[in-house]
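# Chain and residue survey
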Amino acid sequence: MPLSMGEKIKVVLKRRGMTLGDLADKTSQSRQNLSNKISRDNFTEKDLQAIAVALDCTYTASFTMNDTGEVI
């Protein structure tokens, strides 16, 4: 079963030795707000881009059309 985005963020936090509070500070939001987003797995594209920057990661989101291979 694939990991949810919230679970993926938790994995990266652990590997980076960071806490949820650290990530909240780096993304200019409250720890509680970030915790809610993670538990609900409810992120905007902007949230995920900011989280990726804060975690020194690359985030990409796209659709690949299976019939043509075009990436959108």
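Residues numbered from 1 in each chain as written. Predicted model: local features only at pLDDT ≥ 70, side-chain atom pairs only at ≥ 80, totals over all residues. Heavy atoms only, no water.

### What to know about the pattern of salt bridges
- The final tally for this structure, using the stated rule, is 1 salt bridge.
- Where Asp47 meets Lys37, a salt bridge forms, and the shortest distance between an N and an O atom there is 3.1 Å. Linking Asp47 in helix H4 (residues 45-54) with Lys37 in helix H3 (residues 31-40), this pair joins segments that are 10 residues apart in sequence.
- Lys37 sits in the buried class, given a relative accessible area of 18%. (Salt bridge = Lys/Arg side-chain N within 4 Å of Asp/Glu carboxyl O. Helix = DSSP H or I, 4+ residues; strand = E, 2+ residues; numbered from the N terminus. Buried < 20%, exposed > 50% of the residue type's maximum accessible area, 1.4 Å probe, protein only.)

### Considerations on the side chain of Gln29
- Counting through the fold element by element, Gln29 comes out in the loop between helix H2 (20-26) and H3.
- Exposure remark for Gln29: the relative accessible area of 15% places this residue in the buried category.
- What Gln29 contacts, discounting residues up to four positions off in sequence, is Ala24, Leu34 and Lys37. (Contact = heavy atoms within 4.5 Å.)

### Points about the nonpolar core
- Counting 13 residues, the largest nonpolar core has Ile9, Leu13, Leu23, Leu34, Ile51 and Leu55 as its most contacted members.
- When contributions to this core are tallied by element, the ones reaching two or more residues are helix H1 (5-16), H2, H3 and H4.
- Ignoring any residue separated from it by four or fewer positions in sequence, one finds Leu34 in contact with Leu20, Leu23, Ala24, Gln29 and Ile51. (Core = buried A, V, L, I, M, F, W, Y, C linked by side-chain atoms within 4.5 Å.)

### Topic: the environment of Thr58
- On the secondary structure map, Thr58 appears in the segment after H4.
- Sequence-wise, Thr58 and Arg15 are 43 residues apart; in three dimensions their C-alpha atoms are separated by 15 Å.

### Observations concerning H3
- All of the buried residues in H3 are Leu34, Lys37 and Ile38. Taken down its axis, H3 places every buried residue within 95 degrees of arc, on the same side. Set apart from the buried face of H3 by more than 90 degrees, the exposed residues are Ser39 and Arg40.
- Those residues of H3 hidden inside the fold are in contact with H1, H2 and H4. (Arc of directions from axis to C-beta.)

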